[in-house]
Amino acid sequence: MTAWIRKNDSFSELIERFRREPYLQINLIFTGVILLVFAYSGFFSPVVDNYPVVCLHEKLTGEPCVSCGLSHSFSLIIRGRISEAYDWNIYGFRVFIFFAAQLLMRIVFSVFYIKYPDSGKQLITYDAAVSIMLFIVSFLPYIEWIIKQIDLS
Amino acid sequence: MEDFTTSTGQSQQPLSGQTPGKPGGQSLGIAALITAIVTFVIAVIPCVGIIAMIPGIIAIVLASIGLSQASRNNSPRGVLVAGLIIGVVATLISFSQIFVAGKIGDKFQKEWGGNIENVINDVQKNVLDELEDANVSIKINADGDSVEIKASAGKQDRHQELEELEKDNTGINDSLDKKK
């Protein structure tokens, strides 16, 4: 009985921390967002080709862009067909890794933040630095493409 | 339930627009930061980058409202400022996508302008070539009698026909000089 009460107390304390700490709330929401991205990729099939999102760039200019086929690529990676995913979008896998890494980081950093409350600021700094680096590495081809297009025009 | 009782024992009510237990504008700050980061990720994907303008503006608005609340309550602004900066950068990237799309559209229009004339000329030439070699056959049925007229529009046939006509009329002098 006392063990149950203690467990219940620690749970309510955890909830209280989540309510109090913006970092934990942000992590929780981002975990949900990333899971939604994966759910989207799993729900829409590359065989049926029923993706609701169309390339606006292609619609406006008539020319495919560097991120065309990203949804197909994600769906194929979720289904384990990685070589086919490369055919749809060559950079799809690295963007997928970014999302997967972010999902893992949100969970791991939240656990560390709860376990070691004193190192909160340090953890947030590490998190921001790693996330920015991962973002740049993963989305670099797209960023380069945008810059190139601006340069060309 | 949160305890808002101060050390003096007086009950302190949360300010309007402020979540109990949170400093003024912090909830808005979290919302702004999340919206801004999501906008940033969407903005660098060329396919959907243009849409990112909408959440970008929402993030800026949220952060601005949060900042005004925070300045009124003298509460921390770190999350709000981060949300505002990321939101502004993401919106700028999204705007640049419109610029890129517009420029590419212009470029293609210029290229197409020159190409359209060539395409029309090609089509015209192809149609004329096909008409040159066309075989036209007209069949008329009237009261059980049928007449078929075959007219070949081919260049070679026309030349042959012309030569035959010229051969037939060799004895007739129709030149103006001779008549004089």
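Below: a short report on this structure. (Residues numbered from 1 in each chain as written. Chains lettered and ligands numbered in written order. Predicted model: local features only at pLDDT ≥ 70, side-chain atom pairs only at ≥ 80, totals over all residues.)

## Some words on the overall build of chain B
Piece 1. Scanning chain B from N- to C-terminus turns up five helices and two strands.
Piece 2. Counted from the first residue to the last, chain B has its helices and strands arranged as α-α-α-β-β-α-α.
Piece 3. Taken over 180 residues, chain B has a buried fraction of 28%.
Piece 4. Of all intrachain contacts in chain B linking residues separated by at least 6 positions in sequence, the fraction that spans at least 24 positions is 60%. (Helix = DSSP H or I, 4+ residues; strand = E, 2+ residues; numbered from the N terminus. Buried ≥ 20, exposed ≤ 12 C-beta atoms within 10 Å, placed from the backbone. Contact = placed C-beta atoms within 7 Å.)

## Digging into the interface of chain B and chain A
Piece 1. In this complex, chain B contributes 24 residues to the contact, which on the side of chain A involves 28 residues.
Piece 2. Secondary structure elements with two or more residues in the side of chain B that touches chain A: α1 (26-43) and α3 (78-132) of chain B.
Piece 3. Ranked by the residues each element gives to the side of chain B that touches chain A, the list is headed by α3 of chain B, at eleven residues.
Piece 4. Counted by class, the side of chain B that touches chain A contains 17 nonpolar, five polar and two charged residues. (Nonpolar A, V, L, I, M, F, W, Y, C, P; charged D, E, K, R; others polar.)

## Overview of the nonpolar core
Piece 1. Grouped together as the largest cluster of nonpolar side chains are 46 residues, with contacts concentrated most on Ala32, Leu33 and Ala36 of chain B.
Piece 2. Among the secondary structure elements, those contributing two or more residues to this core are α4 (70-78), α6 (92-115) and α7 (120-152) of chain A together with α1, α2 (53-73) and α3 of chain B.
Piece 3. When near neighbours in sequence (up to four residues on either side) are disregarded, Ala36 of chain B contacts Ala59, Gly83, Ile86, Gly87 and Ala90 of chain B. (Core = buried A, V, L, I, M, F, W, Y, C linked by C-beta atoms within 7 Å.)

## So, the packing of helix α2 (residues 22-43) of chain A against α1 of chain B
Piece 1. It is at 10 Å that the axes of α2 of chain A and α1 of chain B come closest, and there the two elements cross at 40°. For the pair α2 of chain A and α1 of chain B, the crossing hand works out as right-handed. Taking contact as the criterion, the partners of Pro22, Gln25, Ile26, Ile29 and Val33 of chain A in α2 of chain A are, on α1 of chain B, Gln26, Ile30, Leu33, Ile34 and Val38 of chain B.
Piece 2. Residues that form the contact of α2 of chain A with α1 of chain B fall into these classes: eight nonpolar, two polar and no charged. (Axes fitted to C-alpha atoms, helices over the stretch in contact; angles between N-to-C directions. Left-handed = near helix turned anticlockwise from the far one by under 90°.)

## Re the packing of α1 of chain B against α2 of chain B
Residue and element names in this part refer to chain B.
Piece 1. Relative to each other, α1 and α2 sit at 155°, their axes nearing to 8 Å. Taken together, the axis directions place α1 and α2 in an arrangement best described as roughly antiparallel. In this structure, α1 meets α2 at a crossing whose hand is left-handed. Listed contacts from α2 to Leu28, Gly29, Ala31, Ala32, Thr35, Ala36, Val38, Thr39 and Ala43 of α1 are Pro55, Gly56, Ile58, Ala59, Leu62, Ala63, Ile65, Gly66 and Gln69. (Parallel < 35°, antiparallel > 145°, perpendicular 65-115°, else oblique.)

## Regarding unusual backbone geometry
Piece 1. One non-glycine residue with positive phi stands out, namely Asn74 of chain B, at about 55°.
Piece 2. By the element assignment, Asn74 of chain B lies in the loop between α2 and α3.

Purely spatial values, then, with no claim about function.
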